Amino acid sequence: MAGRGTKKELDPEEQMKRKFHAKCLFRALGRLVMANAYWLIEAIDEYEGLDDVKRRVQQAVRGKAKKKQLLSINDKALLNKPAEERTEEEKKYIFRIIGGLKCFKRYPNYVKKKLAAVTYYKYYGPGRTIVRQHHEAHAMYFIVSGDVVVSQMIFDELLQKYVSIEVGAMHQGDMFGEVSLLHNIKRTASVTTVGHCELLVLMRDDFKNVLQASVQKQWDEVQRAMSAFTYFDALDEVARREGCIVAKMKSYETNETVLGDGVGVPNFVYFILSGRCQMIESIQVTVVTRLGRNYYSLYDPYVPSEQSEQDLDAKYFGAYNKLNKSSETGRETISEKEQSEMKHFIKDEKSNSTGSTEHPSSYKKKSSILKPDSGHASVGYEDEIKRQSTDSGHIRYERSESKSQDLLKPTDRVVRESIRLSVVPEVINLPPKNLRTYFMQVCQFNPGSSFGFGENMRDRRIIALTPVDCMLLPNIWLLQRNTANIWSRIQHYLEKKIPTKKDLFKEFVTARRWEEFKEQTVEDVVSRTHTVNWTTVHDVPYSIRMEEMLDI
């Protein structure tokens, strides 16, 4: 009993410090639970409570699709464990689960093993700022799932203040934050989550020990690629750094499609570092044989045919003559009551000083209706009374004639709108039967060439002739730094130098005529000899026949 009475009393100031520290820990724990509540409930199949109805509805709507996660709840809990407390078995397990993630596929296995020992799991809800511009850098991030938006604060000369603009977006498999750690500078942009986002975090010290050498190698590769082109000589250090951030390095094998046919990175410009590419275009040609000779014509519904002045006159002025002729033949007599109404309307129109005209109620435009028929039908829009202006300025009303019958006949008391149906067969332009498709080489791209500025790529694709290495830069980033309008001039140059489809067709016809002339010449020479030649075109290898464009 005496021992209990001799209890040492704490200093009031020390006691207040302990209470404040405990309160801070409790608040931090509460914030941590609230931040991770989204992924902590992923393993729960059914929510038993009755209070949170919204969460139960979300789980019911989400169904079983949410169970397909890249990382399970146990994996996330293991990734939150301090690195120094992880065992060798746990590190091997983490290496197996993160080795297949998209964000780590670019690194070799020995780097992945080091990352498995030091990476941490982090979750951010929608609208959370992960990295803020001009702040100190403490870590780099790998996006496991979700999307983020990259924004920068730029001074607006018009508003005379700093405004935030979006400069890009990142998705699953991307990483950010390595630039500040690599160059030991403050954050160059802000990164904000769009929705629920899961990340893997690598701290500053671990980055220097594990990834700095690999990232520096990639960075130097992009810098060397940009220095190989004189287009980027006018960029300052900040712009070059931004270019290295947004650039992509791609390699292609022989005969692999680089761009076209739904393949390639959209809205990116390609700069060839090594290798050669060729642009191939497909043309459709109709072949007609008359008197033993082939005649070719280009079939392309997207290319308009050339029109002469006579064609333009018939197209734009002949239509009015046909319209006047058809209206004269379809003229009908009008009753005396309607004539009196029109005369009265014309007098009112002449007396109107404003010059505005209105149709009487009996001459309203007729509404149309679609007949519920299984066949193809088009809705015909017709006017009960057509209004036409003459050279003298008078207004003449004519009743149009139609073979169809009125479904609702107008009466003298109540004026109703008549409804007519005109069934017109649908015209379908089918391609001709003797249509053939040919592939022609348009041009070649050598090291130092560039493409993807927005030039016409219809029916075209770019194929690698040899192993090709390319540097890809976003088109919007280049246009924002369009010094001396260089990128627009390059696009214009490509559009002018690359042959059009009609030019390719002319070259195709010229090559065919030359082939026919050579064949005819050979036949004439052979026919003069008395020896028998049993050689046929089938004895020629396929590769030579393809190069010679023989249709066999």
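The shown structure was predicted, so the numbers you read here are calculated from the model rather than taken from an experiment.

Procedures and definitions
Residues numbered from 1 in each chain as written. Predicted model: local features only at pLDDT ≥ 70, side-chain atom pairs only at ≥ 80, totals over all residues. Heavy atoms only, no water. Pairing = 2+ DSSP bridges. Helix = DSSP H or I, 4+ residues; strand = E, 2+ residues; numbered from the N terminus. Expected span 1.5 Å × (residues − 1). Buried < 20%, exposed > 50% of the residue type's maximum accessible area, 1.4 Å probe, protein only. Contact = heavy atoms within 4.5 Å. Phe/Tyr/Trp six-rings, centres within 6.5 Å; stacked < 30°, edge-to-face > 60°. Lys NZ or Arg CZ within 6 Å of the ring centre and 35° of its normal. Polar contact = N/O pair within 3.5 Å; in protein donor to acceptor, adjacent residues only side chain to side chain.

> Looking at this structure, how should I read the pairing of strand S13 (residues 293–298)?
Each regular strand displays side chains that alternate between the two surfaces of the sheet. Pairing analysis gives 6 bridges linking strand S12 (residues 277–290) to S13, with the strands arranged antiparallel. The residue bridging Thr286 from the neighbouring strand is Ser297, located in S13. The turn joining S12 and S13, which pair antiparallel and follow one another in sequence, is formed by 2 residues; a positive phi near 55 degrees is taken by Leu291.

> When you look at helix H17 (residues 501–528) in this model, what are you seeing that I'm missing?
For H17, with 28 residues, the first-to-last C-alpha span of 41 Å sits near the 40 Å given by 1.5 Å per residue. For H17, every residue scored as buried is listed here: Lys501, Leu504, Phe505, Phe508, Val509, Arg512 and Glu515. The elements touched by buried residues of H17 are S12, S13 and strand S16 (435–445).

> Any chance you could explain the packing of aromatic side chains here in plain terms?
Within a pair of aromatic rings, the relevant descriptors are the distance that separates the centres and the angle that separates the planes. Evaluated as defined, the whole model comprises 19 aromatic pairs. When the centroid spacing of 5.1 Å and the interplanar angle of 10 degrees are considered together, the rings of Tyr270 and Phe451 count as stacked. Here Tyr270, found in strand S11 (residues 268–274), pairs with Phe451, found in strand S17 (residues 450–451); they are 181 residues apart in sequence, far enough to count as distant. Residues Tyr270 and Phe451 agree in their burial class; the two are buried. Through a chain of ring-to-ring contacts, three or more aromatic side chains come together here, namely Phe229, Tyr231, Phe232, Phe271, Phe453 and Trp487. For Lys113, the ring lying beneath its charged end belongs to Phe95, and the centroid distance is 5.8 Å.

> Quick question: what am I supposed to make of the pairing of strand S18 (residues 460–464) here?
In terms of burial, S18 is a largely internal element, 5 of the 5 residues being buried. Summarising the sheet, strand S10 (residues 257–259) and S18 pair through 2 bridges and their orientation is antiparallel. From the neighbouring strand, Thr257 faces S18, where its bridge partner is Ile463. Taken together, the 5 bridges between S12 and S18 define a ladder with antiparallel strand orientation. Paired with Met279 across the bridge in S18 is Ile462.

> Help me understand the side chain of Gln133, please; the structure alone is not making it clear to me.
For Gln133, the position within the fold is in the loop between strand S2 (129–131) and strand S3 (139–145). Of the polar contacts made by the side chain of Gln133, one reaches the backbone nitrogen of Met153; its length is 2.8 Å. Not counting residues up to four positions away in its chain, the partners in contact with Gln133 are Ser151, Gln152, Met153, Arg187, Thr188, Ala189 and Ser190.

> What exactly am I supposed to notice about the environment of Val258 here?
In this structure, Val258 sits in strand S10. Residues Val258 and Val468 lie 210 residues apart in sequence; the distance between their C-alpha atoms is 9.0 Å. Once residues within four sequence positions are removed from consideration, Val258 is found in contact with Tyr252, Val263, Gly264, Tyr270, Cys277, Phe451, Ile462 and Ala464.

> What is the right way to read the sheet that holds S17 from this model?
Consider a sheet: its strands pair through backbone hydrogen bonds, and that pairing is either parallel or antiparallel. Spatial strand order, S9-S19-S11-S17: 4 strands in an open sheet with antiparallel pairing. Sheet topology places strand S9 (248–252) and S17 at the edges, where each strand pairs with a single neighbour. Bridge count for S11 against S17 is 2 bridges, and the pairing is antiparallel. For Tyr270, the partnering residue across the bridge sits in S17 and is Phe451.

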